[in-house]
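Descriptive structure summary
Each chain is listed here by its residues.
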Amino acid sequence: MEHTSLLERILRGIALTLVVIFFMFPIVWIFMMSFQTNETILRIPPQLVFKPTLANYTALITGKLTTAAGTLDIAFMRNLWNSVFLSVTSVAVALLLGVPAAYAFARHKFRGSEDIAFTLLSFRFAPALLVLLPLTLYFQKLGLANTYIGLIWVYQLICLPLILWIVRGYFEDIPADIEYAYRIAGHSWFATFRKIALPLAGPGIAAAGLLAFIFAWNNFVFALVLASADKQPVTVGALAFITSSGIQYGQISAAIVLSITPTLALALYAQRYLVEGLSLGAVKG
Amino acid sequence: MASLELRNVVKRYKSQTVLDNLSLTVADGETLVLFGPSGAGKTVLLRLVAGVIDPDEGKILIGGEDMTDLDAEFRGVGMAFQNFALFPHMTAFDNIATPLQANRSSQSAIKTGVQSVAKLLKIGHVLSHKPRALSNGQKQRTALARALVGSPPVLLLDDPLRNVDAKLRFEMRLELPRLLADRGATVVYVTQDYKEAMALGDRIAVMSQGVIKQLGTPEQIYREPANIEIARLFGDPTINLLDVKPSRDAKGIYVGLSNVQVHLAGAYETAVGRDCVIGLRPEALSFVDEGTPAAIPVTIEAETPLNEKIVTLVRTVRGREILVSRPAGTPGQTEGRAHIGVDSKSALLFDRASGDRIGSKNVVNLRSGEAA
Amino acid sequence: MTAATMQRRRPSGFRISKKVLPYVLSLPALLVCIGILIPFFTSVVYSFQRYRLSQPWARQFNWGDNYISFFTDPKFWNTLEISLLYAGITVLLELLLGLGIAMLLQKRSTLNNFISIMLLMPLMTAPALAALMWKLMTNPGFGVLSYLASLIGLQDFRWASSPSTALFTVVLVDIWVYTPFIMILLLAGLRSLPTQPFEAAALDGVPRSFVFFRITLPMLTPYILTATLFRLLDSIQQFDIIYAMTQGGPGDTLTVFQVEAYLNFFQSTNVGRSAALMIILWAITYFLSNIFIKNWLRLRERARGQA
């Protein structure tokens, strides 16, 4: 195993380099485009060296794009805010609902608990539109169409199973004796949950929350179906932006960069937990 | 203070019965040792008393009060776990303080309480450490301190010395009885170590497969074990067990050991002609001069001096190996041929098929009656 | 010691019985989910109806008609074919690529760990945004990939806008986004394998190919199965990448199940057909997810055991 030949090392090196280029290039390229003016972007062959400009970002942030043809309004910051609000609130709700349920499933095996847990899990695998399409009709009747509340509710479809199954695993990893010891010391189940179970499962809960946030942020189809322009998150907003602004490629790139930065940053921050989260607790990283 | 009573308690896991219609009373201030192999149901019993699991049938009473439906926090018991079950995110101090915090003691009362019990258990210097910074011995003492700190009327100790090293176990075996006696609490102590059981218990309950096989003082369990299994579990070196078939002659009932007739003291009429096993504790055997009545000729194979006694392995002319023990410092043969005599009063006779002890002194044998 | 003697607490006030407690804890989550289950059943009902949003008055049960008409409907067969093709190709390529990369990165080293973290970035990019990124890069006017294609002689490579290369393009994006998923699962699997058999094989001078096929692969199988089924379940439902890239086009080149159902609902307002399509997709995923969950549970059991 140890004495690998030089040729093999070179081949491995080349293979890894190709892999890194393939997976990193799009992000790097879009990042570079976001600092270019339209003229440099449109130049052929594409430029690797250019004079960076912050104009694209300024335009997005101020919401005003001044061109030769006049001033164009950009609602992108609104989309960004929607993404933040929808993701944060959805995860908060999912944690509020999911953590106690996960605790119940982990600690008290009650009648039907496994069936219920699996039903929740099956949401993760069911086609989203199966539920979404009838839901649009219901939401219109209920007045939930194009509301944050309606969207947050539907976002539970992805956040809740994720949190439930990951956090449940972390609760199961706490030895029951530790909780028993606290109960016997004279504390109620709620005190035990708060002072023992929650702190010990804390890192897992945080990781599940971050992952749920990433999935909520990256979701596209829910808002595409259920929200109109003023409630749309970046995923849908960027698509609309590309259609409406036509040829403002620099701004589009800057919008994409702004839209993917939060999840990338969080992912790097929580990468230790990603494997376990992505496999819903089936694989430990 | 409080007595403890279990009435017809049944606990099942799926189809398996872990505790089978078990009843048990522990008097106020008494230390009862639950002794038995793992899987006997000892730990389950402790947890039922503590209230962290519920019985399927039966009642649990503490101080005469029915606690069956009360949650653990209302039962007023202290418990130390085999694996310590310390709270990993709290310091030793906070670990020990949890029972006091539960009843809303004042900060100063908590501080004095924790410090005095920590001093007693010699862990005062590590109170600021988290469990992962403690040695096994310190963890064990912290767990014990947590169980003791609130002076609970009932103390449940689940094999607390299992996971500590031999030296510490030895120390604690000496220390614990005094500690428990000082508190005056009713104690249920689980162990798999017969020496611990003998040292600590006012009474010992020998458990196996979810039932109590024998309940009695350490003395009773040792001298009158209910069956071969219990006889074998108690005693070090282990009891000598030899197949015999008792017969009768003019002088009474005797068994043949190596062509020598050894008469038994006791009422063993029912055993005549049956396949039996005789149990001879090593200390019930002694070296005697040739010519002594009923002396059994043997060859000495090996000698092992232990701390307070010397154990000799001998072989009879029939090739059976027997252990003989004598107090250290007493003279004895170390090699060659020798003769041993049997203290027939302490010989134990068991039915070979059932394993139950045969004999009139059989007061606590729960499964007697099949003898005839 | 007398200062702080444990007084037995008496139960007082409002208490939740321990039999009821788990239900109370999980009830809120369940209620929220029931709200999601109702539309599921509505979908079943719709799928048995003739229901067009444009003609609400003509809504009536036609029972199996939506399903029966699929047999003679070339558009449906196209949907089924393209969905299976898409899922099959993406998962197969991602599996091979993911396994290869995982093996390249298997040895724990600072560089390898760094690369494996870098490779997570595509996976953390929203698939819809990833599609937009690739759309920009494959733009016929200024796209860097179009330029690179022209350098190797593909002068007018149309990427997603040509029916002949549209599938290739979306598959490429899918591979870009999801290969890291398979990679990190298999990497975790590889690194959790016991080292003993490999050391023994190396000591005995067993050929590397033999080690790979007879030791590595069999031991990695549960991870491969879980990762593959996981991806298959997602891939057969792919919507984001395809919709953001081509909206199912050009023509009906890429009308996979969910895209077709979406277009049926919002463009042709044919709710009945749309619902029937979704039920069929659901049946497929239900079948797959049952196999998946069995595998996943076994693996999860094992992972928890290691904890």
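Residues numbered from 1 in each chain as written. Chains lettered and ligands numbered in written order. Predicted model: local features only at pLDDT ≥ 70, side-chain atom pairs only at ≥ 80, totals over all residues.

**Observations concerning the overall build of chain B**
When helices and strands are counted, chain B shows 8 helices and 22 strands. Taking the principal axes of the C-alpha coordinates as reference, chain B spans close to 75 × 45 × 35 Å. Pairs at least 24 apart in sequence give 66% of the contacts found in chain B among residues at least 6 apart. (Helix = DSSP H or I, 4+ residues; strand = E, 2+ residues; numbered from the N terminus. Contact = placed C-beta atoms within 7 Å.)

**Some details on the overall build of chain C**
From N to C terminus, chain C includes 13 helices and 2 strands. Scaling as 2.2 N^0.38, a compact globule of 307 residues should have a C-alpha radius of gyration of about 19 Å, whereas chain C reaches 26 Å, well beyond that. When the backbone C-alpha atoms are referred to their principal axes, chain C occupies close to 85 × 65 × 35 Å. The buried share of chain C, taken over its 307 residues, is 43%. Considering only intrachain contacts with a sequence separation of at least 6, the fraction spanning at least 24 residues in chain C is 70%. (Rg over C-alpha atoms; globule rule 2.2 N^0.38 Å. Buried ≥ 20, exposed ≤ 12 C-beta atoms within 10 Å, placed from the backbone.)

**Regarding the interface of chain C and chain A**
Reports of interface size often rely on the accessible area that becomes lost once the parts have come together. Opposite the 77 residues of chain C that make contact, chain A presents 82 residues. Ranked by residues supplied to the side of chain C that touches chain A, first place goes to helix H1 (residues 21-47) of chain C with 17 residues. When its residues are assigned to classes, the side of chain C that touches chain A shows 59 nonpolar, 14 polar and 4 charged. (Nonpolar A, V, L, I, M, F, W, Y, C, P; charged D, E, K, R; others polar.)

**Comments concerning the sheet that holds strand S1 (residues 4-13) of chain B**
All names here are of chain B. Spatially, S2-S1-S4-S5 is the arrangement adopted by the 4 strands of the open sheet, whose pairing is antiparallel. Every other strand in the sheet has two partners, leaving strand S2 (16-26) and strand S5 (65-66) as the edge strands with one partner each. Here S1 runs beside S2; their pairing, made up of 7 bridges, is antiparallel. Its bridge partner being in S2, Tyr13 is matched across the sheet by Gln16. (Pairing = 2+ DSSP bridges.)

**Examining the pairing of strand S3 (residues 31-35) of chain B**
Residue and element names in this part refer to chain B. Of all 5 residues making up S3, 5 are buried, and the element is well covered by its neighbours. Burial along S3 is two-sided: the face carrying Thr31, Val33 and Phe35 and the face carrying Leu32 and Leu34 are both buried. Sheet topology note: the S3/strand S8 (residues 186-191) ladder contains 5 bridges and is parallel. In the sheet register, Leu34 faces S8, and the bridge partner there is Val190.

**Details of the confidence of the model for chain C**
Residue and element names in this part refer to chain C. On average, residues of chain C score 86 in pLDDT, and 94% of them reach the 70 mark or higher. Averaged pLDDT values over the elements of chain C bottom out at 83 in strand S2 (residues 60-61) and peak at 94 in helix H3 (residues 74-104). In this model, residues 1-6 is a region of pLDDT below 50 whose contacts with residues beyond four sequence positions or in other chains number 22 contacts. The ipTM for the predicted assembly is 0.89, set against a pTM of 0.85. (pLDDT = per-residue confidence, 0-100.)

**Notes on helix H4 (residues 136-148) of chain B**
Note on helix geometry: an α-helix contains 3.6 residues per turn, so any two residues three or four positions apart are oriented the same way. Residue and element names in this part refer to chain B. A rise of 1.5 Å per residue sets the reference length of H4, with its 13 residues, at 18 Å; its end C-alpha atoms lie 18 Å apart and thus fit the reference within 8%. Taken across its 13 residues, H4 has 11 buried, putting it largely inside the fold. Taken as a whole, H4 has its buried residues at Gln138, Lys139, Gln140, Arg141, Thr142, Ala143, Leu144, Ala145, Arg146, Ala147 and Leu148. (Expected span 1.5 Å × (residues − 1).)

**Some words on the domain arrangement of chain B**
Residue and element names in this part refer to chain B. For chain B, the assigned domains are domain 1 (4-226) and domain 2 (230-358). Facing the 9 residues of domain 1 at the interface are 8 residues of domain 2. Counting residues per element, the ones that place at least two in the side of domain 1 that touches domain 2 are strand S10 (211-216) and helix H7 (218-223). In the side of domain 1 that touches domain 2, the residues fall into 6 nonpolar, 1 polar and 2 charged. (Domains from an automatic or database assignment.)

**Considerations on the nonpolar core**
Ranked by size, the top nonpolar core spans 297 residues in total, and within it Cys159, Ile163, Val167 and Ala212 of chain A together with Leu132 of chain C carry the most contacts. Here this core gets 17 residues from one element, more than from any other, and that element is helix H7 (residues 148-173) of chain A. Those residues within four positions of Ile163 of chain A in sequence are excluded, and the remaining contacts are Ala94, Leu95, Gly98, Val99, Ala102, Ala208, Gly209 and Ala212 of chain A. (Core = buried A, V, L, I, M, F, W, Y, C linked by C-beta atoms within 7 Å.)

**Things to note about the pairing of strand S6 (residues 77-80) of chain B**
Residue and element names in this part refer to chain B. Burial of the side chains of S6 extends over both faces: Val77 and Met79 are buried on one face and Gly78 and Ala80 on the other. Where S6 meets strand S7 (residues 154-158), 4 bridges bridge the pair, whose relative direction is parallel. Within S7, the residue paired with Val77 across the bridge is Val154.

**Here we look at the environment of Ile175 of chain C**
All names here are of chain C. Take Ile175: it is sitting in helix H8 (residues 163-192). As for Ile175 and Leu123, which are separated by 52 residues in sequence, their C-alpha atoms are 9.9 Å apart. With sequence-adjacent residues up to four places away left out, Ile175 is seen in contact with Thr90, Leu93, Glu94 and Leu97.

**Some points on the packing of H7 of chain A against H1 of chain C**
Running from N to C, H7 of chain A and H1 of chain C cross one another at 130 degrees; their axes reach a closest spacing of 10 Å. One way to sum up the angle between H7 of chain A and H1 of chain C is to call them oblique. Once H7 of chain A is placed against H1 of chain C, the crossing between them reads as left-handed. Contact residues: H7 of chain A offers Trp153, Gln156, Leu157, Leu160 and Leu164 of chain A, while H1 of chain C offers Ala29, Val32, Cys33, Gly35 and Ile36 of chain C. Taken together, the residues that form the contact of H7 of chain A with H1 of chain C break down as 8 nonpolar, 2 polar and no charged. (Axes fitted to C-alpha atoms, helices over the stretch in contact; angles between N-to-C directions. Parallel < 35°, antiparallel > 145°, perpendicular 65-115°, else oblique. Left-handed = near helix turned anticlockwise from the far one by under 90°.)

**Notes on the sheet that holds strand S11 (residues 240-244) of chain B**
Residue and element names in this part refer to chain B. Spatially, 4 strands are ordered S11-S15-S21-S22 in an open sheet, and the strand pairing comes out antiparallel. Every other strand in the sheet has two partners, leaving S11 and strand S22 (357-358) as the edge strands with one partner each. Where strand S21 (residues 348-351) and S22 come together, 2 bridges link them in antiparallel fashion. When the bridges of S22 are listed, Phe350 appears paired with Arg357.

**A look at the packing of helix H13 (residues 271-278) of chain A against H8 of chain C**
At a minimum axis separation of 10 Å, H13 of chain A and H8 of chain C run at an interaxial angle of 95 degrees. As summarised for this structure, H13 of chain A and H8 of chain C are arranged roughly perpendicular, according to the angle between their axes. Within the contact between the two elements, H13 of chain A uses Leu274, Val275 and Leu278 of chain A and H8 of chain C uses Phe181, Ile184, Leu185 and Ala188 of chain C. Taken together, the residues of the contact of H13 of chain A with H8 of chain C break down into 7 nonpolar, no polar and no charged.

**Observations concerning H8 of chain C**
In this model H8 of chain C runs 44 Å from its N-terminal to its C-terminal C-alpha over 30 residues, within 8% of the 44 Å that 1.5 Å per residue would give. At Tyr178 of chain C, H8 of chain C shows its maximal kink, close to 40 degrees; a proline, Pro180 of chain C, follows between one and four residues later. (Bend = angle between axes of the 7 residues up to and from the residue.)

**Some words on the environment of Met207 of chain B**
Residues and elements named next belong to chain B. Mapped onto the elements of the fold, Met207 is located in strand S9 (residues 203-208). Through-space distance from the C-alpha of Met207 to that of Phe35 is 5.9 Å; in sequence the pair is 172 residues apart. Non-local contacts of Met207, meaning those with residues more than four positions away in its chain, are made with Leu34, Phe35, Gly36, Ala40, Gly41, Lys42, Ile212 and Lys213.

**Observations regarding the confidence of the model for chain B**
Residues and elements named next belong to chain B. On average, chain B scores 87 in pLDDT, and the residues at 70 or more come to 96%. Mean pLDDT across the elements of chain B ranges from a minimum in helix H5 (residues 166-183), with 82, to a maximum in helix H2 (residues 92-102), with 94. Every residue in residues 362-372 scores below 50 in pLDDT, and together they form 26 contacts with partners more than four places removed in sequence or on other chains.

**Here we look at the environment of Arg9 of chain A**
Residue and element names in this part refer to chain A. Along the chain, Arg9 falls in helix H1 (residues 6-33). With 10 C-beta atoms counted inside 10 Å, the residue Arg9 sits in the exposed group. Sequence separation between Arg9 and Leu130 is 121 residues; the distance between their C-alpha atoms is 50 Å.

**Overview of unusual backbone geometry**
The omega torsion of the bond from Asp236 of chain B to Pro237 of chain B falls at 0 degrees, within 30 degrees of zero and hence cis. Tracing the sequence through the fold places Pro237 of chain B in the loop between helix H8 (228-233) and S11. Located in the positive-phi region is Phe84 of chain B, a residue other than glycine, with phi close to 75 degrees. At Trp63 of chain C, a residue that is not glycine, the phi angle is positive and equals roughly 50 degrees. Inspection of the secondary structure assignment puts Trp63 of chain C in the loop between S2 and helix H2 (65-71). According to the C-beta neighbour criterion, Trp63 of chain C is exposed, with 12 such atoms within 10 Å.

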